[in-house]
Amino acid sequence: MTWHATVLTLFPEMFPGPLGLSLAGRARDDGLWTLDAHDIRAHGLGRHRNVDDTPFGGGAGMVMRPDVISTAIAAHRPEGDPRPLIYLTPRGRLFSQADAERFASGPGLMLLCGRYEGLDQRIIEASGAEEISIGDYVLSGGEPAALVLLDACLRLLPGVMGGAESAEEESFAGGLLEYPHYTRPAEWDGRPVPPVLLSGDHGAISAWRRAQAEDTTRLRRPDLWAAHLSRRISGRQSPQDMTGSVATASAGP
């Protein structure tokens, strides 16, 4: 079954954006996934298609109306649609690699992109939307976050990346940040490649990469390192933890 994404946004022209390029774009052309983006303003009220109003209780900014968002969802979410409904918001739970794997293993996603001060809380509750953030910072809208989330999912779909081994060794796949990479020339600007990588000793190379991944994670992401130690102590190591396969750095909110 083709993985299908639906995006509800005030700026549908932002999609597919970068997802229409490179491996994801090629996979889309090959029918491995599809995307449709719909303008929330098409369901706005009155002559000016209003989608927002002033917040009750006062305060700066505008809030997107629950009746408009409800109509938009109903128009593009068929009865019984099994896809999760995701609302991108700084108030949401932090997006993780585990989320990307969960979403990629399903039939697809419907994404809600807010603007202004966000959505009226009542439509979030009534729709059962899962609130997700891609990081501790504020964007001008949910569209960039939606692109990040989709990219993280699409690269996990069968046939998109090409080699399964590449995905298995990426950041966070084994709970650690990825080890550094080197290529030709063997010496550049007076900086040589670590000799172990030229040794041909695969065991030594694996051990070096493991140590580098652990050191980088410990120094740069104490939270990940603490979780890694907790898993190791409790004996819940993943296959990557046991073999030294680790992954790369993450993207955005």
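Note that this is a predicted model, so its numbers are computed, not measured.

## So, the UniProt feature "binding site: S-adenosyl-L-methionine" (unreviewed entry) in the protein
Per the UniProt record, "binding site: S-adenosyl-L-methionine" (unreviewed entry) is found at G114, I134, G135, D136, Y137, V138 and L139. For the second largest pocket, the lining residues among the annotations just cited are G114, I134, G135, Y137, V138 and L139. Position of G135 among the secondary structure elements: in the loop between β7 (130-133) and α5 (143-154). A residue is classified by how much of its surface remains accessible, and G135, at 7% relative accessible area, is buried. With respect to the element layout, L139 can be found in the loop between β7 and α5. For L139, a relative accessible area of 32% gives the class partly exposed.

## Here we look at the packing of aromatic side chains
Using the criterion set out here, one finds one aromatic pair in the structure. Each ring, one from Y182 and one from W208, has its centre 6.4 Å from the other, and the planes form 55°; the classification is tilted. Taken as a pair, Y182 in the loop between α6 (164-168) and β8 (187-188) and W208 in helix α7 (residues 202-220) lie far apart in primary sequence, 26 residues in all. The class for W208 is buried, based on a relative accessible area of 17%. Of note, R28 hangs over the ring of W33, and the distance from its end group to the ring centre comes to 5.9 Å.

Criteria and thresholds
Residues numbered from 1 in each chain as written. Predicted model: local features only at pLDDT ≥ 70, side-chain atom pairs only at ≥ 80, totals over all residues. Heavy atoms only, no water. UniProt positions renumbered as here; feature names shortened; annotations may be inferred. 1 Å grid on protein atoms, 1.4 Å probe; cavity = no way out; pocket = protein on both sides within 12 Å on 5 of 7 lines; lining within 4 Å. Helix = DSSP H or I, 4+ residues; strand = E, 2+ residues; numbered from the N terminus. Buried < 20%, exposed > 50% of the residue type's maximum accessible area, 1.4 Å probe, protein only. Phe/Tyr/Trp six-rings, centres within 6.5 Å; stacked < 30°, edge-to-face > 60°. Lys NZ or Arg CZ within 6 Å of the ring centre and 35° of its normal.

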